[in-house]
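Chain residues, written in single-letter form:
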Amino acid sequence: MKKLVFKRGLMAAALLSLSSVLMAQQQQDQGMWASFEVRYLSAQTDPNPETQAAMRKQDAWQNFVADRGQWYVVFDEYSALPRRASGPAFELDGSTPEDKVYNFLVQSSLDWPIPLSDLVLRGSHTHGKFHYVDYSQRYAGLPVLDSRSTFRLSLDGRLVMFGHDLFPGIEVNTVPSLSPEAAALAAGEGIPFLMTSSQAEDQLAILPILGERGLEYRLVYQINSHFEPVNGIPGHFHALVDARSGEVLSRQARVHECSHMLTSDIDVEASITDNPGLTPEVRGLPYVRVEVGGVNYYTDANGAVNIPSITVPETATVYLQGLYARVFIGASSTALTSFTTTVNPGVNVIDFDPHANARQVSAYYHTNIIYDFMKGYFPAFTALDFPFTIRVDRTDGSCNAFYDGSSINFYTAGGGCPATALFSDVVYHEYGHGLNYDVYEYFGDFSGMNNGAMQEGYADIWGLSISEDPILGLGFSGGSSFVRRYDVSPKVYPEDLVGQVHADGEIIAGAWWDLGVLFGSVPDMTDLWLATFPATVDGPSGTEGVLYSNVLLEALLQDDDDFDLSNGTPRDEDILAAFAIHGITLLANVDLEYAVIAADVTEPIQIEAELEVDFEAYIGDVNVFWKRQNEPFWVELTATATGSGLFSANIDPQPAGTVLEFYFEVNDIYGSRALIKPNKAERNIDPNLAYFHLVGYNLHEQEDFDNFSGDWVLDPYGTDDVTSGAWEINRPQLSLVGTGVVQPGKDYSPDNDLDFCLVTGANGYTSSSPVNFDIDNGETTVRSPAFDATAYENPVFSYYRWFSNDRGANPGNDPFEVFISNDGSTWNPVRNTFTSDASWRRDIIRISDYVAATPTVYLLFVASDRIISSEPSSGQSLVEALVDDLFLYDLKEVEDPTSGLDADLLSTSMQLMPNPSSGAFQVVLSGGLNAEYLEVISPEGRRIWSSAALDHSGSIEQVITVPDGRWSSGLYTVRIKTQQGWAVQRVVIER
């Protein structure tokens, strides 16, 4: 008989949603056991645009691309190693793929901190058009978890892609304090059910983890624990337990619930149900065991078998067991369903329907369907070439199905749900979990697919690839309910990443489904999807942003036809567009620099942006969002491309006294957001600071802590309770977690090298220091000097802030707060942000927006590391804050410093050359005009460069060189103090 597969035609768009009626009792749709999972913070963090741009500019990468051409790269910000890099393929020295990769590693270790002596070959295999070579890291002979160096070579041996998830500089005590038995017992902490077994694996391991002080390394036991069934579903966890403290650092469920979330000629057939809402169809049962005369025979994929030895009627026993599946009823039965019949010479049709129910035969049939489907792609994979266990009609629960590592399980009807074995795509999903683990292991990832979201999303895609239907489990809870569907509103990264595996998996599954829609062919999508499996993209739960970008890169590599991603791939438009729908983009490492061209208040304000990006062809719109400060809505402008990555936009003329806020949004050509700069400035809740521009303001007072510093008061009210990291006026010291800067090594002031500012503990944390002075165990406050606001018309404060709270455990827990007062006792809140931005960022505060003008207006800055007993480490994290260059601006004119200087002498005796300038320029003085001091003022009114004392020494002509400060395009003021008075001229910088 012909084997039939149920298909429901493609719908227009594929995207995701959870059914609101499924599994309400299963702890917010997580599944019973998933609610006891524990996640650790991995070192795989989302790329920071500023950090990535700085790392691409370093000599090692610049030298690489100078030799190798235009390569795409995303760096690991902790190790400083390229995490994923790809570009035009190039030759490697060596005779085998392994030799070539090792030689490349040796050469690379001269430029990057690769722990070469700690690397061990994890696997090498060839599949499709690539050689795959992978290394993992060891420390003191122990495996380093989450470590991997991965390489793709063309079949002729050229390097196409490489990436390092490695950890140079590990230091950790490798002697455990706990016994394996104690660690095995600790693995069940917090689980209120009977642990039936728990055992530590033979070898300890090293776990890199983001701790309270940044990246840490823990010695861990790897524990496998089993628990008594709850609601009929057994508990099985893989846990990582700190071998010195007993802390459970990770606990991952290995039972995957469906959750809401198939001569004498013999044909063996049965009525197969694809979905309870559809009429069953008679189909052949594949690979069924038929015993005749003590010999076992097996039907083929269509349910047919030929036994030529039968010449007279004989007795045959037929089992609901085959080469690749066997069915048991209930949670523990080991009895196989079978019956006897008589077979005669000639054609025999054996009907299984009277001897087994629809749940048994349908689950058996569809398990074989997905087995055959997988074998079509991976014929050499044999790990599931045995009778896999299927359990149907379980009565110890309802409305669910699950995979437990050795079987797939389905409940009988109840709780408003049909029997779950009657859903073909649910069978595919559960068996797909096993495929995810085992196929990944087949290709060298010996822990299998560990990421929970990838597990769930990819299990869905196994089902959707066979059914070619965007709805998984239609009618699962009766009526029009469903488990998940991919033809409705898309789940988008990062907005819809919620830390729940089924929901987060919908992001990546939706991207693949949409690719099938754009291809116009689900099989074509499936071909590409399964072609990425040998790369075994994986990582701990919580690193989905990194993994999803890696999946996109692998899809493009598989689609590429000339081993050069820089010139595109045959179907890159569809691939990029499908992933873009879900916020997954190739342009994750785009960077942007900008300049504001100051103009008269009657003229537009021109904003120019320059993009740095590896794949310029995929850049779409560059938008500028702007508003006047404290207005509720942003105005969107689409910038005009002016060539070579340059864009320009004009904001309408604004009256003097306007404070403008603006930020940039860069999209790819498919409309997916690639960059917001400043990062998170677009948020409605807890946004980052936007960029600011002052219209018509002049600088009047400045507190730069270098040349000017008034009466700053630390802990002004005696309320501070920090144990370290209190505010002080000092030079900051460079503090790193990986390559991510926590405390900078310089202040903001660009016009001198004194580098004093407000800093929360000047002795910053470093990886080599056992002592640190970041903020700990409370809050620290500092009050500014008093400012006389009555002396001005419309005064505003400008200051620069550095704030980092996300490089340790409990990221984002601690705020940076700013208050304003006009009497020193009543304080009005101005800023309260939990959004980290480890860079010098300017803030503008208009005094009249908060308090009335008085002679005593103060600002108060508060930074903290709050104690939160319910959080790990009591909520403690790595927090640094700095403040510099608190300036006061007003509309009033500053006294003209050139008054009394002879205008004719100025016009004839002071020249700026060249003007306009592309960077450096010279100030030439003659005719007896003698310079003692020179300074350059930015378009915003800030001193950005100054000379040392100048000596004229009686020369006829004096030449002063102003170096290229890499300043943005604009109109700058040059002020010179002479023996005759102050002289002022303007210079135009054009970039």
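Parameters and conventions
- Residues numbered from 1 in each chain as written.
- Predicted model: local features only at pLDDT ≥ 70, side-chain atom pairs only at ≥ 80, totals over all residues.
- Heavy atoms only, no water.
- Pairing = 2+ DSSP bridges.
- Helix = DSSP H or I, 4+ residues; strand = E, 2+ residues; numbered from the N terminus.
- Salt bridge = Lys/Arg side-chain N within 4 Å of Asp/Glu carboxyl O.
- Buried < 20%, exposed > 50% of the residue type's maximum accessible area, 1.4 Å probe, protein only.
- Core = buried A, V, L, I, M, F, W, Y, C linked by side-chain atoms within 4.5 Å.
- Contact = heavy atoms within 4.5 Å.
- pLDDT = per-residue confidence, 0-100.
- Axes fitted to C-alpha atoms, helices over the stretch in contact; angles between N-to-C directions.
- Parallel < 35°, antiparallel > 145°, perpendicular 65-115°, else oblique.
- Nonpolar A, V, L, I, M, F, W, Y, C, P; charged D, E, K, R; others polar.

## What to know about the sheet that holds strand β44 (residues 778-783)
Ordered in space as β39-β44-β49-β46-β47, the five strands form an open sheet in which the pairing is antiparallel. Each having just a single partner strand, β39 (713-714) and β47 (828-833) make up the two edges of the open sheet. Strand direction decides the pairing type here: β44 and strand β49 (residues 858-865), joined by six bridges, are antiparallel. Bridge pairing in β49 places Arg 783 opposite Leu 860.

## A look at the pattern of salt bridges
Across all of its chains, the model carries 28 salt bridges by this definition. When the shortest N-O distance is used, the salt bridge between Asp 393 and Arg 359 registers 2.9 Å. Of this pair, Asp 393 sits in strand β24 (residues 388-394) while Arg 359 is found in helix α5 (residues 358-375), placing the two residues 34 residues apart along the sequence. Here Asp 393 falls in the buried class, since its relative accessible area comes to 11%. What you see here is one network of salt bridges that share partners, running through Glu 216, Arg 218, Asp 242 and Glu 247.

## Quick notes on the nonpolar core
Membership of the largest hydrophobic core comes to 106 residues, with the highest contact counts inside it found for Leu 285, Phe 352, Tyr 458 and Trp 512. Residues within four places of Trp 512 in sequence aside, it is in contact with Tyr 458, Ile 461, Met 525, Leu 528, Trp 529, Thr 532, Val 551, Ala 555 and Phe 579. Membership of the second largest hydrophobic core comes to 29 residues, among which are Val 722, Phe 797, Tyr 799 and Val 818.

## Structural notes on the confidence of the model for the protein
Here the protein averages 87 in pLDDT, while 91% of its residues score no lower than 70. Here residues 1-30 is a poorly scored stretch, pLDDT under 50, and it has 124 contacts once near neighbours within four places are set aside; other chains count. Below a pLDDT of 50 lies the segment residues 897-901, which in the model reaches twelve contacts outside its immediate sequence neighbourhood of four places, other chains included.

## Quick word on the packing of helix α7 (residues 452-467) against helix α10 (residues 544-559)
When two helices pack together, their arrangement is captured by the angle between the axes and the distance separating the axes. α10 packs onto α7 with a crossing angle of 45° between their chain directions and a minimal axis gap of 10 Å. In terms of their interaxial angle, α7 and α10 are classed as oblique. Facing Ala 453, Met 454 and Tyr 458 of α7, the residues of α10 in contact are Glu 544, Leu 547, Tyr 548 and Val 551. Among the residues forming the contact of α7 with α10, the class breakdown is six nonpolar, no polar and one charged.

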